[in-house]
Amino acid sequence: MRGAQFVDPKALARIHSLELLARTVVDGFINGLHRAPHLGFSLDFAEHRGYEPGDDLRRVDWRLFARTDRYYVKQFEADSNANCVVVLDVSKSMRFGSQGITKLDYGRFLAASLLYLSSTQRDRVGLVTFDSDVIEYVPPSAKHLEYALYALDRIDERGPGSLAAPMLKVTDRLRRRGIVAVVSDLYDEPDAVVNAIKPLKFRGHDVVVFHVLDPAEIDFPYSEAASFGDLESGERMPIVPDSVRDQYKALVQAHIDALSRRFTDNRIDYALFRTSVPLDYALFRYLSMRERLSRVR
């Protein structure tokens, strides 16, 4: 795919502006496609709906306002003006990185790119960051891209993570149906992870989960005996890698397989990403889901 050279995570780490980074990723990605992905947008008028804060004023039907004294927004066939919210895990375990980029930085790059891409598709964009609780909430709006990027840019040191409480709050806050992209390393038991996220699906949202892991967490390439630490709890344990590598890799793969099965059973899109994988793969997966939704919206 043309443009893939612009989305290598290590190269992106040298770009200090998240807005520039997101634009670089998305523009490079779009240039690599055979057609621009402005999916779900048409100029064929369908109906009106009531105005909501954040709607583009250019889409207000002023003639209808003059007759009714009420604000209505024009809707179009397969209108892509949906709510798209990225929910980003910023807990301690996301600070790990073995190849020059942490899971958190990869997650930030991915979140910024998804938000920017959604904004170009005329969607309302929002952001949630969390560890064991919701830290920052930027409500979805057509005007909130800059606020969301600013929130991503000023993430600081956070505590241990948990999915249950933050996801419950996110579900309560997101009353209007939309697309919710969860970006996390999913450090919990598979049943606990899925039980935390599936209420979003029950509420009517289309949910896609980006499972972000460092290659070292999957392949365990270490050879020297050392003391390994848990970033969440701070506990350390002496380990001889050669004696536990096969068992460790089997456990990690079993965890990934269990998550994939459970998400599939609950009709939730799931994708595993190593932090070495270019972001165009993540964008393509998201865009494929976006296209499917545009056909039924």
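Look up a bit, the structure's there.
Residues numbered from 1 in each chain as written. Predicted model: local features only at pLDDT ≥ 70, side-chain atom pairs only at ≥ 80, totals over all residues. Heavy atoms only, no water.

We now examine the packing of aromatic side chains. Both the distance between ring centres and the angle between the ring planes are used here to describe each pair of aromatic rings. This structure, assessed with the given rule, holds 5 aromatic pairs. Between the aromatic rings of Phe210 and Phe273, the centroid separation amounts to 5.7 Å while the plane-to-plane angle is 40°, which identifies the pairing as tilted. Placement of Phe210 in strand β7 (residues 206–213) and of Phe273 in strand β10 (residues 269–274) is noted, with a sequence separation of 63 residues between them. You can call Phe273 buried: its relative accessible area is 5%. Centroid distance Phe220 to Tyr222: 5.3 Å. Interplanar angle 80°. Geometry classified as edge-to-face. Classification of Tyr222 as partly exposed rests on a relative accessible area of 28%. An aromatic cluster is present here, built from Phe220, Tyr222 and Tyr248 joined pairwise through their rings. Lys103 extends its terminal NZ or CZ atom over the ring of Tyr187, reaching a point 4.5 Å from the ring centre. (Phe/Tyr/Trp six-rings, centres within 6.5 Å; stacked < 30°, edge-to-face > 60°. Helix = DSSP H or I, 4+ residues; strand = E, 2+ residues; numbered from the N terminus. Buried < 20%, exposed > 50% of the residue type's maximum accessible area, 1.4 Å probe, protein only. Lys NZ or Arg CZ within 6 Å of the ring centre and 35° of its normal.)

Right, let's talk about the sheet that holds strand β3 (residues 83–89) for a bit. Taken in spatial order, the 6 strands of this open sheet run β5-β4-β3-β6-β7-β10, and their pairing is mixed. In this open sheet, the two strands that pair with only one neighbour each are β5 (134–141) and β10. The sheet shows a mean angle of 15° between the axes of neighbouring strands, taken without regard to direction. Where β3 and strand β4 (residues 124–130) come together, 7 bridges link them in parallel fashion. Along β4, the bridge assignment pairs Leu88 with Thr129. Contacting β6 (178–184) and β7, helix α7 (residues 190–202) runs over the sheet at an angle of about 155° to β7. (Pairing = 2+ DSSP bridges. Axes fitted to C-alpha atoms, helices over the stretch in contact; angles between N-to-C directions. Contact = heavy atoms within 4.5 Å.)

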